[in-house]
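Single-letter residue listing:
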Amino acid sequence: MEPDPGPETGQHRRRISIVQLICRAYGLSDASEITVEHIHRFVTERRLTDARSPQLRDRLRPRIPRQRAPGGTA
C-alpha cells in the first residue's frame, strides 16, 4: 500500500474507496485482510462521528461579538 499523500483539493481531488478507507483506518495492507468485524466497526465509528459533527462544529465556531448601535445602549 502506498503512503497517504494527504488531502487533495480542487480539480486534482481523487476519490478514495471504502476499501481504501478501511485499510488506512486499521493499518491493513490490502483488501484481503478486511473482515466483517472491520466493516461493522468502521460503519459504527462513522455513524458516531457523523452524529457528533454538528455539535462539534457549533462548539468550535468562533463567537464574534455584536457591534453596538451608534449612540444607543446595548
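Structural data are supplied above this passage.
Owing to the predicted nature of the structure, the values given are computational and were not obtained by experimental measurement.

Undergrad: Even after reading the chapter, I still don't get the nonpolar core, so can you show me in this structure?
TA: Most often, soluble globular proteins have nonpolar side chains that are buried together. Counting 6 residues, the largest nonpolar core consists of Ile22, Cys23, Tyr26, Leu28, Ile34 and Phe42. Looking at this core, the element that brings in the most residues is helix H1 (residues 18-26), giving 3 residues. For Phe42, the contacting residues outside a window of four places in its chain are Leu21, Ile22, Ala25 and Tyr26.

Undergrad: Even after reading the chapter, I still don't get H1, so can you show me in this structure?
TA: Within H1, burial applies to Ile22, Cys23 and Tyr26. The buried side chains of H1 occupy one side of the element, clustering within an arc of 100 degrees when seen end-on. One or two positions beyond H1, positive phi appears at Gly27, with a value near 65 degrees.

The rules behind each value
- Residues numbered from 1 in each chain as written.
- Predicted model: local features only at pLDDT ≥ 70, side-chain atom pairs only at ≥ 80, totals over all residues.
- Heavy atoms only, no water.
- Core = buried A, V, L, I, M, F, W, Y, C linked by side-chain atoms within 4.5 Å.
- Buried < 20%, exposed > 50% of the residue type's maximum accessible area, 1.4 Å probe, protein only.
- Helix = DSSP H or I, 4+ residues; strand = E, 2+ residues; numbered from the N terminus.
- Contact = heavy atoms within 4.5 Å.
- Arc of directions from axis to C-beta.

Keep in mind these numbers describe shape, not what the thing actually does.
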